[in-house]
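# Overview (structure and organization)
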Amino acid sequence: MPFIAAFNWIHTYLNKLYEGKFFAHLDTTLVKEMASGKHFNDLSDELLVEIFSYVSMEDLAMSVQHVSGRWKDVSQDNSLWKKKVFSPDINTTDEEIARCLKNMPSLKAYCPKRGTDRNIINILCQYCKNIDHIEFTWSQRLNNILVERILEAFPNIVNLSIPLPRETRNQLEFAQLIGQFQNLTTLNFTRRCPENIAEGTLMAIANGCPSLQHLDLSYYRFPESEIRYLLKKRGHQLVYFNLNCYISTVGHELLCECTNLKHLKYENDNDDLPGTYMDHLSKLSKLEELNLSYFNANQTKNIPNIFYNQSLSKLVQLFIVCCDDLDAPELTEIFTHCVELKVFHIIGYTGSGDGFKYISNLKHLEQLEIGYCESLTDKSLEYIGAGCKNLKYLDFGCKSLSDKCLEYIGAGCKNLRHLGIQCCSSMTDKSIEFVCAGCPKLQYLCICQCPLMTDAVIASVIKCKELTVLHLKWCNGISGSNFHMITSNLTHLKELDIFGSVNVDSKIVAKFQEEMPEVKIIGGIKKKE
């Protein structure tokens, strides 16, 4: 079977090769060599590597290397595997994963999307000697023996995502093993959150892992004393830190001394932290990304002080999530001082729409998300449409918004590639007509929980010829009667999500899939009689 697959692969790619589909990507020397070659085996290793670079990882492992000994050697060239990640999805069986791993000796990154049998880890350790990046999900069952096996097989691993054992008795030894990875720069604790954590677990990480720069504590409730110990021991070398548990004012001050941080995710769990302590975050002058979550009203009003005098002049991404009483004065200050922002997300905003009046100061803004906001107004979107000319990504949702808001976006945001609207119960098909007429470069469109949308919306959607993803989720006004318009107009479409749209006719979905078999369809509930 591998030989047949290999033969089919060769036939397909040779046709593309001689049709000239690779020519634009190959340098002149290689093109001349290819043109003068009398036989495919006459091609140099360099040219084969170039051609193999267009091949999927699975084809490299299961087809290409079975053609000949030479192809097997070339297919293991380090440059082909340097950036490839083997990430089998949840439907891939353990047997299929094992078969692939046995044919991937040059693999560097293994990131399964579900937990696997322990035997898979032993196969990984036996056959894939070049691994330097592993990501285990929370569902991966690991004991300390397996962790020790990984340590022996991959002592030079640099990136590790792993769940902490549930059993308290195993956690300290587990952490001590992790601490032995001398070259580990990135450690993420995969979210599983055991109720209790053994004393000394985080200290063992701090005392080991001498190269650690990126640390994600997820939602594990580590003792505050051990977080302070970690920040004293390793804070000076941290570049990325994700903190989602309680720290005292002392811990907050230690965090603000981590002056090499470029990425900070700080979820507050201390309502007694004085608001004035927020100012101290301005010491983190190298920050490029800042995520602040769940600060109370007294703390929130001091958030603008972090940015005064261009103290965070390198900041390009700002996320503010569920921070109480953030309103126009705070947003005005943020838009005044964070002028280099390219990404701004605000979730749980309860202030007036006037807060977006000065968003035009963000000349470089490319991505904007406004989520779970009850008080967003059409005026807010008018400010965005008029001021954010470079916007490529926009995601928002609010019951109070009307069609008018997307008229502003369609008129002002000509470069928009991604648009998501959720829970806009007052919006009709007309809103999508506005945006699709004004944003022809749109590639992603999500309409979710908008009950007034009907099948007529498809006539507007098909104007976006570059659309690759279309979501029509929980829209009960859509039956699919106009899906036939998609097949002849949206030739680049790769995904259609109709999950929750219970009135979409299953026969229409089946016909659509027949006509566009390459499109992934999500949902598709049979229409009720």
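Quick note: structure is the one above.
Reading the values: rules and limits
Here the residue numbering is sequential within each chain, running from 1 through the sequence in written order. In keeping with the model being predicted, local features are shown solely for residues with a pLDDT of at least 70 and side-chain atom pairs are shown and tallied solely at 80 or more, while totals for entire chains, interfaces and linings include all residues. The side-chain numbers reported here are obtained from all heavy atoms of the structure, hydrogens and water having been left aside. Numbered from the N terminus, helices here are DSSP runs of H or I no shorter than four residues, and strands are runs of E no shorter than two. The globule rule used here is 2.2 Å times the number of residues to the 0.38 power, and the radius of gyration it is set against is calculated over C-alpha atoms. Exposure is judged per residue with a 1.4 Å probe applied to protein chains only, and the accessible area is read against the type maximum: over 50% gives exposed, under 20% gives buried, and values in between give partly exposed. Accessible surface area values rest on a Shrake-Rupley calculation with a 1.4 Å probe, where residue burial reflects the displayed protein chains alone. A strand pair is defined by DSSP finding two or more bridges across the two strands. Note on handedness: a crossover is taken as right-handed if, strands pointing away from the viewer, the path from the first strand over the helix to the second is clockwise. Think of a salt bridge as a Lys or Arg side-chain nitrogen and an Asp or Glu carboxyl oxygen that are within 4 Å of each other. Here a residue-residue contact requires only that any non-hydrogen atoms of the pair lie within 4.5 Å.

## Some thoughts on the overall build of the chain
- In terms of regular secondary structure, the chain is built from 21 helices and 18 strands.
- By the compact-globule yardstick of 24 Å for 529 residues, the chain fits well, its C-alpha radius of gyration being 27 Å.
- Among the 529 residues that make up the chain, the fraction classed as buried is 51%.
- With the model as given, the accessible surface of the chain reaches about 23600 Å², and the carbon-plus-sulfur share is 50%.

## Considerations on the environment of E253
- With respect to the element layout, E253 can be found in helix α13 (residues 249-255).
- Between the C-alpha atom of E253 and that of H280, which follows or precedes it by 27 residues, the distance is 7.4 Å.

## Overview of the pairing of strand β4 (residues 159-162)
- Alternating positions in β4 separate into two faces, N159 and S161 on one and L160 and I162 on the other, with burial throughout.
- Strand direction decides the pairing type here: strand β3 (residues 133-135) and β4, joined by three bridges, are parallel. From the neighbouring strand, H133 faces β4, where its bridge partner is N159.
- Between the parallel elements β3 and β4, the chain passes through helix α9 (residues 144-153) in a crossover that is right-handed.

## Concerning the pattern of salt bridges
- Tallied over the full model, the rule gives nine salt bridges.
- Across the pair E224 and R228 runs a salt bridge whose closest N-O atoms are separated by 2.2 Å. Taken as a pair, E224 and R228 lie in helix α12 (residues 224-234) at a separation of four residues, close to a single helical turn.
- Judged by its relative accessible area of 12%, E224 is buried.
- Accessibility expressed as a relative area gives 26% for R228, which makes it partly exposed.

## Points about unusual backbone geometry
- A positive phi angle is found at C209, which is not glycine, with a value near 40°.
- By secondary structure assignment, the location of C209 is in the loop between α11 (201-207) and β6 (214-216).
- Within the chain, C423 stands out as a residue other than glycine whose phi angle is a positive 55°.
- Within the secondary structure, C423 sits in the loop between β14 (418-422) and α18 (429-438).
- Using a relative accessible area of 33% as the deciding quantity, one classes C423 as partly exposed.

## Observations concerning the side chain of S293
- Examined against the element boundaries, S293 turns out to sit in strand β9 (residues 289-293).
- A relative accessible area of 6% places S293 in the buried class.
- Discounting chain neighbours no more than four positions away, the residues touching S293 are Y266, E267, N268, V321 and C323.

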